[in-house]
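Notes for the structure review
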Amino acid sequence: MSTKHQKLQQWVNEITDMCQPDAIHWCDGTQAEYDEMIRISINGKYATPLNEQKRPGCVNFNSDVTDVARVENRTYIAAKTKDAAGPTNNWIDPDELKKTMKNLYKGCMKGRTMYVIPFSMGPIGSKIAKIGIEITDSPYVVANMHIMTRVGTKVLEILGDDGEFVPCLHSVGKPLAEGENDGGKWPCAPLDKKYISHFPEERTIWSYGSGYGGNALLGKKCLALRIASVIARDEGWLAEHMLILKLTNPQGVVKYITAAFPSACGKTNLAMLVPTVPGWKVETIGDDIAWMKFGEDGRLYAINPEAGFFGVAPGTSDESNKMAMASITKNSIFTNVALTEDKDIWWEGIGYEPPGKLIDWTGNEWEMETATKPAAHPNARFTAPASQCPVIAPEWEDPKGVPISAILFGGRRPSTIPLVNQSRNWIHGVFMGSVAGSEITAAALDLKVGTVRRDPFAMLPFCGYHMGDYFKHWIGMEKKTDTDKLPKIFFVNWFRKTESGKWLWPGYGENSRVLKWVFERCTGEAEAVETPIGFMPTVDAIDRPEGVTAEDMKAMLSVDKDGWIKELHSIKEHYGKFGDHLPKELLEELAALEERLNKA
Ligand code: SAT
Ligand code: MN
């Protein structure tokens, strides 16, 4: 064993006894190790190497058809009490859950190698970074963790003999009998045996039965959001589901902005946006997660705890996100995309027709003319090193982080919510975050089309404790520094439509026009009008993109009083869920908003 850390050794021994792997491998994070993981997967026939000329160092994995996404209904916050987990999380008694899971883990790695992955979320040695150790029996997980986090011996050095780490246990849940192999199939357990479990008081993660994405790459949603949000609450910082971008104006002045949007709102696209406003530049710090702590100067500094992008492939094209396309030309892992005859990638919305017959994500032949199902799975993914992004900011790995000037919240809101709206103050900004959400466009879950699915701070599936207490934590941040040092908070909405369903705003690169206004609110250059819902640009403060009329602009930048009165009702219903954990400050904000609207 390559560590003198007793607690770590003890834990690895314990897990070895329980899971009974055939062999143990301590990961060193080297290229040779990565290559070996890919080789094992290709030999196992659930991974295909791609065309070395067209996509050097790339591979596509095909997962099991039952293991294609995060499973929220099998994701648990096993806090000591149900109340601590709150109404938005699945709760099970931790002792009961451990009993169930120990039974599953017993002998679950038979016939497999157990990998011990020391990883750092955040630049190794950064004061904001955290160390995790993931134990897994999946070479796919090891390879992805190499890209998504910092893996290796250096992490063990920093950990020393007694450093703190978050234990993350993962198994695909498919032990092999003597002489058995996976038979060319991606190993996993059936849905009712899958558990993605978090023990917040112990800061421990136990995942069983799924090999896919956030269920299995435990540094990402499990550690960097669910467990980190609990640590952040206890230590007075923020662990958020936010992109981080660097915005530079033509004079070379820089501002850093974070943004939280529910899924399918284009977070990765915004993080890598190519501005249409001449002279302005966007560079990427991160596309999914931000950890923010106060610096000595009283400002909030953010790091991206990740080292790669785990992005949704379908819909990614040169038009929607040229920089993401450029990031995945080499050394990338694809999961569940379709393959061309010459072993390149293809997916729906890649921006060009398939060049011929394809092999779809389930391994069958696929032709456009006769197809009844998509060729790539809708949640197919790419895993790419952040360093390969052409617009990655040079300081993206700065251990101090970058000082944040503005925070954006948003959602897909076809009506009512304006293009952009600045909060009146910090608490009003927290109010904005707490009511973020997207309108339901296809009948989903138990919600009707047209209702808003609230996703506070885009943290609904990712907050490791009671959401009402999380709001309180956000409110409390104000008291930790001077008001003028806090980031300004904005709500943006790229998704307004006319009554007849036409988009009012072109989005993508044109969103830079809104970023410019946000930037200039931070420098004090931009004018705003005070409205009942917050500060808004005057109708001509934002230059109109081609195709957007003065009328459209007015529709996107005025206060729809009737719409907002309806919104108030919907917010009251949403707030009702949090019971007496809902901070009184937010009820006061709601009442004040109602009063301002009634007066208007
Ligand atoms: O699969 S992940 O959790 O990493 C991505 C997502 O579903 O948001
Ligand atoms: Mn995400």
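Along each chain, numbering runs from 1 in the same order as the chain's sequence is written. For naming, the first written chain is A and the first written ligand is 1, with later ones following in the order written. Where totals are concerned, whole chains, interfaces and linings use all residues; where local detail is concerned, this predicted model gives features only for residues with pLDDT of at least 70, and gives and counts side-chain atom pairs only at 80 or more. Side-chain numbers here rest on the full set of heavy atoms in the structure, without hydrogens or water.

**With respect to the overall build of the protein**
Put simply, the rule is: To qualify as a helix, a DSSP run of H or I must reach at least 4 residues; to qualify as a strand, a run of E must reach at least 2; elements of each kind are numbered from the N terminus. In this analysis, two residues are considered to be in contact whenever any of their non-hydrogen atoms come within 4.5 Å of each other. In this description, accessible areas are obtained by the Shrake-Rupley approach with a 1.4 Å probe, and a residue is regarded as covered only by the protein chains that are shown. For the charge count, each Lys or Arg is scored as positive and each Asp or Glu as negative, with His and the chain ends excluded. A single reference atom marks each charge: NZ on Lys, CZ on Arg, CG on Asp, CD on Glu.
Looking only at helices and strands, the protein has 16 helices and 30 strands in total. Relative to all contacts within the protein whose residues are 6 or more apart in sequence, the contacts with residues 24 or more apart total 73%. For the protein, the exposed surface amounts to about 24300 Å²; the carbon and sulfur share of it is 49%. Averaging the coordinates of the 68 positive side-chain charges in the protein and doing the same for the 78 negative ones gives two points 2 Å apart.

**Some details on the side chain of H5**
Defined as follows: Between buried and exposed lies partly exposed: a residue is buried under 20% and exposed over 50% of the maximum accessible area for its type, with that area taken using a 1.4 Å probe on protein chains only. Two N or O atoms form a polar contact when they lie within 3.5 Å of each other; inside protein one atom must be a possible hydrogen donor and the other a possible acceptor, and for residues adjacent in sequence the pair counts only when both atoms belong to side chains.
Summarising the element assignment, H5 is placed in the segment before α1 (6-19). Accessibility expressed as a relative area gives 2% for H5, which makes it buried. In this structure the side chain of H5 is engaged in a polar contact, spanning 2.7 Å, whose partner is the backbone oxygen of G163. Not counting residues within four places of it along the chain, the set of residues in contact with H5 comprises L159, G160, D161, D162, G163 and F165.

**Some remarks on the site of ligand 1**
Keep this limit in mind: Residue proximity to a molecule or strand is established when one non-hydrogen atom of the residue lies within 4 Å of it. Think of it as three bins: nonpolar holds Ala, Val, Leu, Ile, Met, Phe, Trp, Tyr, Cys and Pro, charged holds Asp, Glu, Lys and Arg, and polar takes everything else, Gly as well.
In the region of ligand 1, the neighbouring residues are R70, G213, G214, K220, K221, F310 and R381. A distance of 2.7 Å separates an oxygen atom of ligand 1 from a polar atom in the side chain of R70. Note that an oxygen atom of ligand 1 is positioned 3.5 Å from one of the side-chain N or O atoms of R381. Within the complex, 88% of the 250 Å² of free accessible area of ligand 1 lies under protein. Of all the secondary structure elements, the ones that give two or more residues to the shell around ligand 1 are α7 (213-216) and α8 (219-235). Partitioned by chemical class, the residues of the shell around ligand 1 number 1 nonpolar, 2 polar and 4 charged.

**So, the domain arrangement of the protein**
What counts here: Domain boundaries shown here were taken from an automatic or database domain assignment. Accessible-area loss on putting two parts together, using a 1.4 Å probe and summing over both, is the definition of buried area adopted here. Put simply, a salt bridge is a Lys or Arg side-chain nitrogen that is within 4 Å of an Asp or Glu carboxyl oxygen.
Segmenting the protein into domains produces domain 1 (6-236), domain 2 (240-307 + 394-599) and domain 3 (310-386). Computed from C-alpha coordinates alone, the two centres of domain 1 and domain 3 are separated by 26 Å. Together, R55, I147 and Y212 form the three largest contributors to the area buried by domain 1 at its contact with domain 3, with a combined 25%. At the boundary of domain 1 and domain 3, one finds 2 salt bridges.

**Describing the coordination of the manganese ion (ligand 2)**
Definition in use: Here the term donor refers to an N, O or S atom within 2.8 Å of the metal (or 3.2 Å for Na, K and Ca), and because water is left out of the atoms, sites may appear incomplete.
At 2.1 to 2.2 Å from the manganese ion (ligand 2) lie its protein donor atoms, namely K221 (NZ), H241 (NE2) and D288 (OD). A residue is classified by how much of its surface remains accessible, and D288, at 9% relative accessible area, is buried.

**With respect to the sheet that holds strand β21 (residues 358-359)**
The test is simple: Strand pairing is assigned whenever DSSP identifies at least 2 bridges connecting the two strands.
Spatial strand order, β20-β19-β21-β22: 4 strands in an open sheet with antiparallel pairing. Each edge of the open sheet is held by one strand with a lone partner, namely β20 (345-346) and β22 (365-366). Summarising the sheet, strand β19 (residues 338-340) and β21 pair through 2 bridges and their orientation is antiparallel. Each bridged residue has a counterpart across the sheet, and for T340 the counterpart in β21 is L358.

**Description of the packing of aromatic side chains**
What characterises a pair of aromatic rings is the spacing of the ring centres plus the angle enclosed by the ring planes. Defined as follows: Any two rings among Phe, Tyr and Trp, with Trp reduced to its six-membered ring, count as a pair given centres within 6.5 Å; such a pair is stacked if its planes are under 30 degrees apart, edge-to-face if over 60, and tilted if neither.
For the coordinates displayed, the defined rule picks out 26 aromatic pairs. For the ring pair F457 and Y470, a centre distance of 5.1 Å and an interplane angle of 90° mean the geometry is edge-to-face. Of the two residues, F457 sits in the loop between β27 (452-454) and α12 (467-476) while Y470 sits in helix α12, which places them 13 residues apart along the sequence. Across the pair, Y470 and F457 agree in class, each one buried. Here a set of aromatic residues connected by ring pairs shows up, and it is made of F409, W426, F457, Y465, Y470, F471, W474 and F578.

**Remarks on helix α13 (residues 512-523)**
Rule in force here: For a helix, the expected span equals 1.5 Å multiplied by the residue count minus one.
Look at α13: 16 Å from first C-alpha to last across 12 residues, which is about the 16 Å you get at 1.5 Å a residue. Burial of α13 is extensive: 10 of the 12 residues sit out of reach of the surface. Those residues of α13 lying buried are S512, R513, V514, L515, W517, V518, F519, E520, R521 and C522. Two residues or fewer past α13, G524 is found with a positive phi of approximately 85°.

**Notes on the pairing of strand β6 (residues 130-136)**
Of all 7 residues that make up β6, 7 are buried, and the element is covered over most of its length. Residues of β6 alternate between two faces, with K130, G132, E134 and T136 on one and I131, I133 and I135 on the opposite face, all of them buried. Two elements, strand β5 (residues 113-121) and β6, share 7 bridges in a ladder whose sense is antiparallel. Bridge pairing in β6 places Y115 opposite T136. Sheet analysis places β6 next to strand β8 (residues 166-171), joined by 4 bridges and oriented parallel. The residue of β8 that forms the bridge with E134 is C168.

**Focus on the sheet that holds strand β18 (residues 333-335)**
So the rule is basically this: Under this scheme, a helix contributes an axis fitted over its contacting stretch, all axes are lines through C-alpha atoms, and angles between N-to-C directions fall in the 0 to 180 degree range.
An order of β2-β3-β18-β23-β17 is seen for the 5 strands of this open sheet, with the pairing classed as mixed. The open sheet is flanked by β2 (47-49) and β17 (308-312), the only strands paired with a single partner. Averaged over all neighbouring strand pairs, the angle between strand axes comes to 20°, with direction disregarded. Both β18 and strand β23 (residues 381-385) contribute to a ladder of 3 bridges, which runs antiparallel. For T335, the partnering residue across the bridge sits in β23 and is R381.

**A short note on a negative patch on the surface**
So the rule is basically this: Patch construction takes residues with relative accessible area above 30% that form no salt bridge. Like charges are linked within 9 Å, and nonpolar side chains (Val, Leu, Ile, Met, Phe, Trp, Tyr) are linked within 5 Å.
A grouping of E341, E353, E367 and E369 is seen on the molecular surface, where their side chains present a negatively charged patch. Position of E367 relative to the elements: it lies in the loop between β22 and β23.

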